[in-house]
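In case you want the letters, here they are:
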Amino acid sequence: MIELESAKYLQADSFASDDDDQLIGEPNQPAPETSQIQQHSAVHPTVYLHEACQTATQMPSNIRANYLADPFFYSAGTICSQCGPVKDRDCTWLETGENLHAYMQRLKAAKSESYHLVRWLLPALLSGLLAIGTVYRMVSEHKPVEPAQVGLLFVVGYAVAWYPAKFVRLALCRLGIV
Ligand SMILES: [Zn+2]
């Protein structure tokens, strides 16, 4: 019994001396860094729970990096490792308890006006270039240019350009330009 008590005492002592060492040692030990990382992963969590099947899924780091840079990059919905494609409304972050859909809405709302300008104008710029190029070719080939035809080309071009424009936008976001 006495031995046990002394063992406890020793253990307590060794903890105390560890703490002392840390205090005596270099100031600003890794502890603040660790708490910063914990804080960061709490703000931007990594594991979500699909409520219907109670399965936890780890968000792949490359996908996470993409939506943190550009929250509009992916269409709505996510993947449950058990069920496959599911609605983000049906998932909750394990670290924070926040609904996945609410979290994505929060990220989207934080984007600047210049981002949204790029989001809508970039496909217009690409399809505009396509329309101008086509008109230029038609004129140089002495073909008649119908305004309605050019308009249709622009509209179709906008829809087609939306997808490649996403990647240009993501690159601009990652560079911190928008
Ligand atoms: Zn599931």
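What counts, and where the lines are drawn
Residues numbered from 1 in each chain as written. Predicted model: local features only at pLDDT ≥ 70, side-chain atom pairs only at ≥ 80, totals over all residues. Buried ≥ 20, exposed ≤ 12 C-beta atoms within 10 Å, placed from the backbone. Helix = DSSP H or I, 4+ residues; strand = E, 2+ residues; numbered from the N terminus. Pairing = 2+ DSSP bridges. Core = buried A, V, L, I, M, F, W, Y, C linked by C-beta atoms within 7 Å. Contact = placed C-beta atoms within 7 Å. Axes fitted to C-alpha atoms, helices over the stretch in contact; angles between N-to-C directions.

What follows covers the pairing of strand β1 (residues 47-50). Side-chain alternation along β1 places Tyr48 and His50 on a buried face and Val47 and Leu49 on a face that remains uncovered. Here β1 folds back onto strand β2 (residues 55-58), and the loop between the two strands holds four residues, one of which, glutamine 54, carries a positive phi near 60°. Alignment of β1 against strand β5 (residues 91-93), held across three bridges, turns out to be antiparallel. Each residue of the ladder has a partner; that of leucine 49, found in β5, is threonine 92.

Take the nonpolar core next. The biggest cluster of nonpolar side chains holds six residues, and these are Tyr48, Cys80, Val86, Cys91, Leu100 and Tyr103. The contact partners of valine 86, leaving out residues within four places of it in the chain, are His50, Gly77, Thr78, Cys80 and Cys91.

What follows deals with the sheet that holds β5. Adjacent strands of a sheet pair through backbone hydrogen bonds, lying either parallel or antiparallel. A sheet is described by the order of its strands in space; here three strands give the open sequence β2-β1-β5, paired in antiparallel fashion. The strands lining the two open edges of the sheet, one partner per strand, are β2 and β5. Each adjacent strand pair in this sheet contributes to an overall mean axis angle of 30°, direction not counted. As judged from the four bridges shared by β1 and β2, these two strands associate in the antiparallel manner. Bridging across to β2, leucine 49 finds its partner in alanine 56.

Purely geometric numbers; function is a separate question.
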